[in-house]
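Notes for the structure review
What follows is the residue order along each chain.
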Amino acid sequence: MSPFGRPLLLLVFVGALLLSMACSPSDPQNTLAAQGIVAKKQQDLFWVVAAWAAGVFVVVEALLLFTLWRFRHRPGQGEPHQTHGNTRLEIAWTIAPALVLITVAVPTVSLLWELAEPPRVAMDVRVTGHQWWWEFEYPGHGVVTANELHIPVGETVQFHLTSADVIHSFWVPKLAGKMDVIPGKTNTFWIRADSPGTYFAQCAELCGVQHANMKFRVIAQPRDQFEQWVRAQRTPARQPDPGTPEAAGLEVFRTNCIACHTVDGVPGAVGKVGPNLTHFGSRQTLAAGVVENNLQNLETWIADTSSLKPGVEMARTPMPRFNQTLTPEQIQAVARFVAGLR
Ligand code: CUA
């Protein structure tokens, strides 16, 4: 193999890999498929900057290739004429990039200013990043939930972002760019979804071993459906009927879970370490988007969180693994109780 064979092969391989990624029919986190006004404005700006970058690339490469070809070595030719300094050329290649930078800077800075002020805020949501899940609090509605953010479609929602531990980043690729989530500081940020749907979202700042599994969903709904959701979330948890497996589960929950989890309607269940579970059964996923929310996955999760998401708080000392302190029957019962919280 020639000395260039191996790097060339690698380049072709990496290129093919990158190209094949573009073939995915599903693009839930594609920033170039904007669905909200903030993302659309950012996308338009991206294309302006990308067009200038592409133009600069083409001109520079064309000049480079032309120079290589025009001044290539020919047999019998001596050393070519040497030049040093060319004032006009130097002024030109200083002014031209400056003009390009100004052309890019003007729309960039004006969009930054424009997006800093949200139009007619319909709703505020307080967002707290935790290793590795998201807490959403709707102060105007008295609702606290986790990992699933419901918003009314076509309305401006303003976020007040902070963190309980390390720096995270709030990112809903189809609705807006990223915003840092910093402990001890509150960043504000807004989005507006133009069409109803479920938007996949993700922490975008390396924040520990489960950073990649710090996902969330934004569910944009028409106003009436959103209000229906709010009403359901405001209702305290229904007490299970005596003698049912759920009632047995509630007892297990009272003795093992209330120090870390809140469930409105269960006396003493006011823990703030883990997510508020008042309407856990209404969520689509568990463990911040790691698996589908069903009874079997919930049992696995309660028995040994590390099997689904190594490193989470529930698996850290001094918290025991529940498969070591509870019987399989107790785990099944508590899972049925939690799954029944709708
Ligand atoms: Cu939180 Cu990455």
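Residues numbered from 1 in each chain as written. Predicted model: local features only at pLDDT ≥ 70, side-chain atom pairs only at ≥ 80, totals over all residues. Heavy atoms only, no water.

**Quick look at helix α1 (residues 5–21)**
Defined as follows: Helical segments are the DSSP runs of H or I of at least four residues, strand segments are the runs of E of at least two, and each set is numbered from the N terminus. Expected helix span is given by 1.5 Å per residue-to-residue step, counting one fewer step than there are residues. Exposed residues in this analysis have more than 50% of their type's maximum accessible area, buried residues have under 20%, and partly exposed residues fall in between, with area computed by a 1.4 Å probe over protein chains only.
For α1, with 17 residues, the first-to-last C-alpha span of 25 Å sits near the 24 Å given by 1.5 Å per residue. Counting buried positions along α1 yields one of 17 residues, so the element is predominantly exposed.

**Some points on the side chain of Arg-283**
The condition is simple: The definition of a polar contact used here is a pair of N or O atoms within 3.5 Å, where within protein one atom must be able to donate a hydrogen and the other to accept one, and adjacent residues in sequence count solely through side-chain atom pairs. Throughout, a contact is declared for two residues whenever any of their heavy atoms are within 4.5 Å.
With respect to the helices and strands, the residue Arg-283 is situated in the loop between α5 (245–256) and β11 (285–286). At a separation of 3.4 Å, a polar atom in the side chain of Arg-283 contacts the side chain of Thr-145. A polar contact of 2.6 Å, which involves the side chain of Arg-283, links it to the backbone oxygen of Asn-276. Here Arg-283 is in contact with Thr-145, Ala-146, Glu-148, Pro-275, Asn-276, Leu-277 and Asn-293, once residues within four sequence places are set aside.

**A few points about the sheet that holds strand β1 (residues 121–130)**
For the record, the criterion: For two strands to be treated as a pair, DSSP must find at least two bridges joining them. For helices, the fitted axis covers only the stretch in contact; all axes are lines through C-alpha atoms, and the angles between them, taken along N-to-C directions, range from 0 to 180 degrees.
Taken in spatial order, the five strands make up an open sheet running β3-β2-β1-β5-β8, and their pairing is mixed. The sheet is open, and its two edges are formed by β3 (143–146) and β8 (187–191), each paired on a single side. Looking at each pair of strands side by side, their axes are set apart by 25° on average, direction ignored. When β1 meets strand β2 (residues 133–138), the two strands line up antiparallel, connected through five bridges. When the sheet's bridge partners are listed, His-130 is paired in β2 with Trp-133. Those strands touched by helix α4 (residues 223–234) are β1, β2 and β3, and its axis lies near 95° from that of β3.

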